[in-house]
Amino acid sequence: MNAKKIAVYVLVVFVLYVIITDPAKAADYVQIGFEGISDAAQAIGDFFTWLADGAR
């Protein structure tokens, strides 16, 4: 088994453990993740708007 498969397996086991032992905290983690993705998408959009406006 290579290291990548082991890392994925460990990550899946950890995620399942967190979901089973504390579902509310798992929901918080998911919300934090989606907020991070949303913030990153907003920043990329702002950057391309800035470029489209002539980088002023």
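A brief report on the enclosed structure follows.

## Brief notes about the overall build of the protein chain
Counting secondary structure elements, the protein chain contains two helices and zero strands. Each of the three principal axes of the protein chain carries a C-alpha extent, and together these read 50 × 35 × 10 Å. A total accessible area of about 5000 Å² is found for the protein chain, and carbon and sulfur atoms account for 71% of it. Computed over 4 positive and 6 negative side-chain charges, the separation of the two mean positions in the protein chain equals 15 Å.

## A closer look at helix H2 (residues 23–52)
Over its 30 residues, H2 runs 43 Å from end to end, which matches the ideal 44 Å to within 8%, given 1.5 Å per residue. With its phi angle positive at about 90°, Gly54 sits one or two positions after the end of H2.

## Thoughts on the packing of helix H1 (residues 3–21) against H2
Two elements in contact, H1 and H2, have axes whose closest approach is 5 Å; the angle formed by their N-to-C orientations is 125°. Judged by the inter-axis angle, H1 sits oblique to H2. Residue-level contacts link Val18, Ile19, Ile20 and Thr21 of H1 to Pro23, Ala26 and Tyr29 of H2. In terms of residue class, the contact of H1 with H2 is made up of six nonpolar, one polar and no charged.

## Some details on the packing of aromatic side chains
In total, this model carries two aromatic pairs according to the counting rule given. Summarising the aromatic geometry, the rings of Phe47 and Phe48 are spaced 5.5 Å apart at their centres and angled 70° between planes, so their arrangement reads as edge-to-face. For Phe48, a relative accessible area of 52% translates into the label exposed. Arranged with centres 5.9 Å apart and planes meeting at 35°, the rings of Phe47 and Trp50 form a pair that is tilted. Within this pair, Phe47 and its partner Trp50 are both found in helix H2, separated by three residues, close to a single helical turn. Aromatic ring contacts, followed pair by pair, group Phe47, Phe48 and Trp50 into a single cluster.

About the criteria used
- Starting from 1, residues in each chain are numbered consecutively following that chain's sequence as written.
- Two thresholds apply to this predicted model, a pLDDT of at least 70 for residue-level local features and 80 or more for giving and counting side-chain atom pairs, whereas whole-chain, interface and lining totals are computed over all residues.
- Processing note: side-chain calculations cover all non-hydrogen atoms of the structure and skip hydrogens and water entirely.
- The numbering of helices and of strands both runs from the N terminus, where a helix is a DSSP run of H or I of at least 4 residues and a strand a run of E of at least 2.
- Every accessible area reported is derived by Shrake-Rupley at a probe size of 1.4 Å, with residue values counting cover from the shown protein chains alone.
- By the counting rule applied here, Lys and Arg register as positive and Asp and Glu as negative, while His and the ends of each chain are not counted.
- Note on charges: their place is set at NZ of Lys, CZ of Arg, CG of Asp or CD of Glu.
- Each residue after the first adds 1.5 Å to the expected span of a helix.
- Lines are fitted to the C-alpha atoms to define the axes, a helix being fitted only along its stretch in contact, and any angle between axes, read from their N-to-C directions, falls within 0 to 180 degrees.
- Throughout this description, any angle smaller than 35 degrees is read as roughly parallel, any larger than 145 degrees as roughly antiparallel, any in the 65 to 115 degree range as roughly perpendicular, and the remainder as oblique.
- Two residues qualify as a contact provided that any one of their heavy atoms is within 4.5 Å of a heavy atom in the partner residue.
- Under this grouping Gly is polar, as are all residues other than the nonpolar Ala, Val, Leu, Ile, Met, Phe, Trp, Tyr, Cys and Pro and the charged Asp, Glu, Lys and Arg.
- Two aromatic rings from Phe, Tyr or Trp, using only the six-membered ring of Trp, form a pair when their centres are within 6.5 Å; if the ring planes differ by under 30 degrees the pair is stacked, by over 60 it is edge-to-face, and anything between is tilted.
- Type-normalised accessible area, obtained with a 1.4 Å probe on protein chains alone, sets the label of each residue: buried when under 20%, exposed when over 50%, and partly exposed for intermediate values.

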